[in-house]
Amino acid sequence: MGSGKVRKFAALSLGVFDSAPVGVMVTAGPDHRLVYTNDAYQKIVGERRIGAPVREAFSDLRQEGYFVLLDQVLATGESLIMREIPFELGDYDPLGRERYSTVSMSKISIGDEEGLILVTMDVTAQVESAADSVAEGRRRFLQRYQSLLQLESQGVWVTGQAGEVIEPSLGWQRLTGQSWEEHRGNGWLDAVHPDDRERAGERWARVVEQLDRLDEVFRVKTSEGPYRHIRVRAVPVVEGREVIEWVGTITDVEQEWREERHRELLDRAAAVTADLASLDEVLAALVDVIVPTVSDGCGIYVLPEFEDESIPTPFVAQRLVSIVRENDDPPTPGPQPFDQDCDFVTAIRTRRPVHRVFSPGEPPPGAVPPGAEAWFGTARGNSLALVPVVVDGVVAAVVHAAVCGDREPLSEADVDLLGRMLDHAHTHLSNAMRFQRTQRIALALQNYLLPDPPRVPGLEITARYRPSATAAEIGGDWYDSFRLPDGSAVLTVGDVAGHDLAAAVTMSQLRNMLRGLAMDRREPPGDILRRLNIATESLYPDGTATCVLARLNGPLGGGWRLEYAVAGHPPPLLVTPGGEARYLEDGLSPLLGITSDRPRDSATATLPPHSTLLLYTDGLVEVPGEHLDEGLERLRRCGACLADAPLDEFCDKVLTRLSMARTDDIAMIAVRLPGA
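**Notes on the sheet that holds strand E11 (residues 242-252)**
Right, on to step 1. Pairing within the open sheet is antiparallel, and its four strands lie in the order E8-E11-E10-E9. One side of each edge strand has no neighbouring strand; the edge strands of this open sheet are strand E8 (155-159) and strand E9 (214-221). Taking the axes of each pair of neighbouring strands and ignoring which way they run, one obtains an average angle of 30 degrees across the sheet.
Right, on to step 2. Pairing of E9 with strand E10 (residues 227-239), which is carried by eight bridges, proceeds in the antiparallel orientation. When the bridges of E10 are listed, Val220 appears paired with Arg228.
Right, on to step 3. Strands in contact with helix H8 (residues 194-210) are E8, E9, E10 and E11; relative to E9, the strand with the most contacts, it is inclined by about 150 degrees.
Right, on to step 4. The strands that helix H9 (residues 254-272) touches are E10 and E11; relative to E10, the one it contacts most, it runs at about 115 degrees.

As structure tokens, this is what we get:
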């Protein structure tokens, strides 16, 4: 193969080939209309209808793949020679035997049209004169070569015994723009995408070593710039029992690959979000699909609810989740302020994606969301997309996806795919949004029902409430703290069975009743719980509850004195300033609502200075499928590690480290005693 000069012929001058000893055929136009054949050519292939397109004139040619080569030569102007190729022409076979020819094709100009001239020599006799073993090997090779040409391929390539490219491939050169000097040997690997290069090289080496067949898809850089997916196939050529070379084809499968990839990702996006209720979890699951299949990094920002669809600026959006492909630290989740003149706000206003492609590490002003600039510069982002997530007619979130470094930038097709993935998960996103709104209302009501801790001289008191991640309704967990007329402080925490409005109403009534009983008379906590149990059985005959009631007196000469009683509830945790943590396990009695009027035990304990007492509900320590003792031991160790932390930090870190499952509400109240 090589570049050939395009010759010009007048229609009348073709007669010079009439007496040529080799077959000559001339075609014109993109459909290769047959305009001339000489006598020698007609003796090889028979008479063919002048004026007919070559595919019609040679409709009996069984090797249809040869027609593709005519298109290639006409399009590229590159001449082509095929030696000793087999051909079959229906019933026309004057010699009555398997036939072979050597054909050269060149581009020519015929008047005002472009066309081809084909010079053909019948070499059947030469092929048959070879030794039987060589002829058999040749036939096998030609049969495989012929089969490969039947494929819808863009090119054919040949390698030596060890797998190195030994002949120029017009198809490969046209696809990748590599010259013969560049792709010979193993140079073809330089055109393969960096992410696929190692796999392609190892796979080809293994095929050659194991004498296997190759059928692999990978990306190559095209002469036009972008990478495209190609299918590479190859088979060994055997003479005797020895592989003498390999022959293969390349086929552009970019469109098929994209369609299959889109189907797979859309199905995955719907599947991973199907059983999730929390909006946080649904969006995080979508990001896990997006990275790394579509982008190198992705963040999702949850928007505030805008009144009347107006967008005040600046406004604050919550970066909910942020995942990156490489080991770089992703942008930190949390609130981020946005000004009016940025692509983020444009995506919200227009409800359409914003797509940017630029030099690595050099995004235009306003393109990168606040808080992600440092990561974007370090990772050398080269493109980004901001895709609005529209749920039930409202822009609920914005997806920020980016590709970095030397990787192929995000394309319009990628941005469209992101939008389709979000649309595919719309039902699950909609359910999650409704769940989030309901949960937010329930949390506001719950916080309204739960009072702020009182101010008690010398004591720090802090309370926390965290709702279940899987339940949208208000629950039955409570905490309370108040001062008695004698100056002592009362702490209580409890849990009414159930997780609905009825449980919340019962919780509120029991909490208020317990406060009244504790104020009514000075008596041990167990006696107060006995009276509360009587009321529970009378007012809520089908309801049960657990409770811890503690009264703190002091300071006394030996420290603070604690009186407490536990009704079917996890025990209080005492953490000393030296890092020792233990449970107060006395004063136990059954839960409220299932026993008759019977005495309930109380217990006392002396609390050392600067120690911390923690009361909590079982949501903090219970994990489905795990024994409660494991959760209690986990809390004890955590409390010991946080012994010297400020009380607010103590409570926050206990919640962060222990509320892993979040399948139940958590209420807790902690008190820190003063130092000696």
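After presenting the structure, the write-up continues.
**A word on empty space enclosed by the protein**
Right, on to step 1. Per the counting criterion, the structure on display carries four cavities of 30 Å³ or more.
Right, on to step 2. Approximately 290 Å³ is the volume found for the largest cavity.
Right, on to step 3. Every residue lining the largest cavity is counted, 19 residues in all, and those nearest its centre are Tyr41, Leu61, Tyr66, Val103 and Leu118.
Right, on to step 4. Put simply, the parts of the chain that give the lining of the largest cavity at least two residues each are helix H1 (39-45), helix H3 (66-76), strand E5 (78-87), strand E6 (99-110) and strand E7 (113-122).

**Quick word on the sheet that holds strand E14 (residues 334-338)**
Consider a sheet: its strands pair through backbone hydrogen bonds, and that pairing is either parallel or antiparallel.
Right, on to step 1. Here six strands make up an open sheet; going across it, the order is E14-E13-E12-E17-E16-E15 and the pairing antiparallel. Looking at the sheet topology across the chains shown, the edges are occupied by E14 and strand E15 (354-357). Sheet twist, expressed as the mean angle between neighbouring strand axes with direction ignored, is 25 degrees.
Right, on to step 2. Taken strand by strand, helix H13 (residues 412-424) contacts E15, strand E16 (381-391) and strand E17 (394-404), and its axis lies near 30 degrees from that of E16.

**Describing the packing of H9 against H13**
Right, on to step 1. In the contact formed by H9 and H13, the axes pass within 8 Å of each other and the chain directions differ by 30 degrees. As the angle between them shows, H9 and H13 are arranged roughly parallel. Between H9 and H13 lies a crossing whose hand is right-handed. On H13, the residues that touch Arg258, Arg261, His262, Leu265, Leu266, Asp267, Ala269 and Ala270 of H9 are Ala413, Asp414, Leu417, Arg420, Met421 and His424.

**Brief notes about H8**
Right, on to step 1. Relative to the 24 Å expected for 17 residues at 1.5 Å per residue, H8 spans 25 Å between its end C-alpha atoms, a close match to the ideal helical length.
Right, on to step 2. For H8, the complete set of buried residues consists of Asp196, Ala200, Arg203, Trp204, Val207 and Val208. All buried residues of H8 fall inside an arc of 130 degrees around its axis, so they share one side. Seen from the buried face of H8, the exposed residues on the opposite side, beyond 90 degrees, are Glu198 and Glu209.
Right, on to step 3. Buried residues along H8 sit against E8, E9, E10 and E11.
Right, on to step 4. Leu211 sits one or two positions beyond H8 and adopts a positive phi of about 55 degrees.

**What about H3?**
Along an α-helix, residues three or four positions apart point the same way, because every turn accommodates 3.6 residues.
Right, on to step 1. Tyr66, Phe67, Leu69, Leu70, Gln72, Val73 and Leu74 are the residues of H3 that are buried.
Right, on to step 2. Phi for Gly77, located one or two positions after H3, is positive at around 75 degrees.

**Looking at the packing of helix H17 (residues 628-641) against helix H18 (residues 647-658)**
Right, on to step 1. Running from amino to carboxyl end, H17 crosses H18 at an angle of 145 degrees, the nearest separation of the two axes being 10 Å. Here the hand of the crossing between H17 and H18 comes out right-handed. Residues Arg634, Leu635, Cys638 and Gly639 of H17 form the contact with H18, whose participating residues are Phe650, Val654, Arg657 and Leu658.
Right, on to step 2. Among the residues making up the contact of H17 with H18, the classes are represented as five nonpolar, one polar and two charged.

The rules behind the values
- Residues numbered from 1 in each chain as written.
- Predicted model: local features only at pLDDT ≥ 70, side-chain atom pairs only at ≥ 80, totals over all residues.
- Heavy atoms only, no water.
- Pairing = 2+ DSSP bridges.
- Helix = DSSP H or I, 4+ residues; strand = E, 2+ residues; numbered from the N terminus.
- Axes fitted to C-alpha atoms, helices over the stretch in contact; angles between N-to-C directions.
- Contact = heavy atoms within 4.5 Å.
- 1 Å grid on protein atoms, 1.4 Å probe; cavity = no way out; pocket = protein on both sides within 12 Å on 5 of 7 lines; lining within 4 Å.
- Points joined across faces, edges and corners; volume = space filled by probe spheres on them.
- Parallel < 35°, antiparallel > 145°, perpendicular 65-115°, else oblique.
- Left-handed = near helix turned anticlockwise from the far one by under 90°.
- Expected span 1.5 Å × (residues − 1).
- Buried < 20%, exposed > 50% of the residue type's maximum accessible area, 1.4 Å probe, protein only.
- Arc of directions from axis to C-beta.
- Nonpolar A, V, L, I, M, F, W, Y, C, P; charged D, E, K, R; others polar.

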